[in-house]
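Below are the chains, spelled out letter by letter.
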Amino acid sequence: MFESRVERGVGLVALLGALFGLCVWYGTLGTDPASWVFPRTAQVFPGPERYIGRRVVLAGEVVSVDPVVVSLAGTDPPVRVLLDGVDRPVAAGVRIRAFGVLESEGTLRTLGVVTTRPGGFVYAATASIVGGLVVIGRLLRDWRVDLGGWGLEPRASPPSLRALAGAGEDGAGTGEAGDDRDA
Amino acid sequence: MPDGLAHVLFAYAACTALSWRYEWLTTPYRTAAMAGGLIPDISKIGVFVDAWRVRDAIGLPFSFDALETGGAAAVWVAVGALLVVPRERRRTAGALAVGATTHLLTDAMLAKPTGHSYAVAWPLTRYYFPTPGLFKSTEPGALVVALLLAVGAWLLDRRRTRAAAAER
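Because the structure is predicted, anything quoted here is derived from the model rather than measured.

## Let's talk about the pairing of strand β3 (residues 80–84) of chain A
All names here are of chain A. Only one face of β3 is covered, namely the face carrying Val 81 and Leu 83; the face carrying Arg 80, Leu 82 and Asp 84 is uncovered. As paired elements, β3 and strand β5 (residues 107–116) share 3 bridges and run parallel to each other. Bridge pairing in β5 places Asp 84 opposite Arg 109.

## Quick notes on the packing of aromatic side chains
Here the structure, examined in full by the defined rule, presents 11 aromatic pairs over all chains. Each ring, one from A:Trp36 and one from A:Phe38, has its centre 5.9 Å from the other, and the planes form 90°; the classification is edge-to-face. Of the residues examined, A:Phe38 reaches a relative accessible area of 6% and is grouped as buried. Look at A:Trp143 and B:Tyr29: their rings are 6.2 Å apart centre to centre, the planes differ by 85°, and that puts the pair in the edge-to-face class. Of this pair, A:Trp143 sits in strand β6 (residues 143–146) while B:Tyr29 sits in helix α2 (residues 27–36), each in a different chain. As far as the burial class goes, A:Trp143 and B:Tyr29 line up, both buried.

## Here we look at the sheet that holds strand β2 (residues 68–72) of chain A
All names here are of chain A. Pairing is mixed in the closed barrel, where 5 strands are placed in the order β1-β2-β3-β5-β4. Going from strand to strand, the sheet's axes swing by 55° on average, the running direction of each strand aside. Note: β2 against β3, 4 bridges, orientation antiparallel. Within β3, the position partnered with Val 69 by the bridge is Leu 82.

## Quick notes on the confidence of the model for chain A
Residues and elements named next belong to chain A. For chain A, mean pLDDT is 85; residues scoring 70 or higher make up 84% of the total. When pLDDT is averaged over each helix and strand of chain A, the minimum, 40, is found for strand β8 (residues 172–175) and the maximum, 96, for strand β4 (residues 95–104). Long-range and interchain partners of residues 167–182, a stretch whose pLDDT sits below 50, account for 33 contacts in this model, where long-range means more than four residues apart.

## Some thoughts on the interface of chain B and chain A
Of the residues lining the interface, 65 residues belong to chain B; the matching set on chain A comes to 71 residues. Around 5,700 Å² of area is buried between chain B and chain A when both sides are counted, 66% of it from carbon and sulfur atoms. Inspection of the region where chain B meets chain A yields 3 salt bridges. A:Arg40 serves as the salt-bridge partner of B:Asp65, at 3.5 Å between the closest nitrogen and oxygen. For the pair chain B and chain A, the interface holds 17 residue pairs in polar contact (both at pLDDT 80 or more). Broken down by class, the residue content of the side of chain B that touches chain A amounts to 38 nonpolar, 13 polar and 14 charged.

Calculation criteria
- Residues numbered from 1 in each chain as written.
- Chains lettered and ligands numbered in written order.
- Predicted model: local features only at pLDDT ≥ 70, side-chain atom pairs only at ≥ 80, totals over all residues.
- Heavy atoms only, no water.
- Buried < 20%, exposed > 50% of the residue type's maximum accessible area, 1.4 Å probe, protein only.
- Helix = DSSP H or I, 4+ residues; strand = E, 2+ residues; numbered from the N terminus.
- Pairing = 2+ DSSP bridges.
- Phe/Tyr/Trp six-rings, centres within 6.5 Å; stacked < 30°, edge-to-face > 60°.
- Axes fitted to C-alpha atoms, helices over the stretch in contact; angles between N-to-C directions.
- pLDDT = per-residue confidence, 0-100.
- Contact = heavy atoms within 4.5 Å.
- Buried area = accessible area lost by both parts, 1.4 Å probe.
- Salt bridge = Lys/Arg side-chain N within 4 Å of Asp/Glu carboxyl O.
- Polar contact = N/O pair within 3.5 Å; in protein donor to acceptor, adjacent residues only side chain to side chain.
- Nonpolar A, V, L, I, M, F, W, Y, C, P; charged D, E, K, R; others polar.

And the structure:
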């Protein structure tokens, strides 16, 4: 099954279609407090009066510290919400996500927050780019395109004595003693 | 997510440890596992492409969040399996799955304001499981842990390889 190029091509298209379908399906899902899925800023702030008394998750930047006031991301003009009951110090300028009950259009009775330090997103992006480069580098080193079989296959490692003595079907020598590249 | 580098290192550590039991998990498959460790981050395309633009363009609901779930990861593993030559399919799928699983599990431990994570098991269930809140993707804590695990696994692996060679 799925041996020929045509079958594999069709399979790939079908799988990519399935991924697209999953995204459409997920897009139909609404909030579900029983599953701990709550409305977020973009859903609440076109018309926050409908969410008063309900639990929501709001995200934005801290603009004032005592009391804690957040300028919500993605709102235009920017909406400010007071976070009532934040139980630990937050600094102005940090990004924050707050979960709580919307007491009024301008106040959230806060049940939990997560903050992001300045520079946090730059760190995350940089580390992720490095991770991506490591993977790309290793893929180039460890895999090759088999034009005959039309697909990727592992490269045999640099020959070790073991491989020269009697290579197995996999290019034996990978993972064996003396293969310092087994990392 | 813990950041992408942490994910890659967690995947490497997991795969290396598993190779002590499943000897076929050699270098190329560890690389595949590390690639698998990045799969659920394909959802980050949503940072660059606004989902509402896609919705407008296709006239259907649409969310990139589906791509962070276990269900989407399983489909991507199948994609990877079809990209390799048929005799490599099972091993590659296995390695990719190891990597993707480490990603899903570590993401499920990220700090969240609700104390619950995300739809990691969707479409089996949409439930957002409780999270111990161990990591933030924007701080290096996860990377430090991942680095320690990866270096530890690598050292143990070298020691086992040398011990095995000494016996022969």
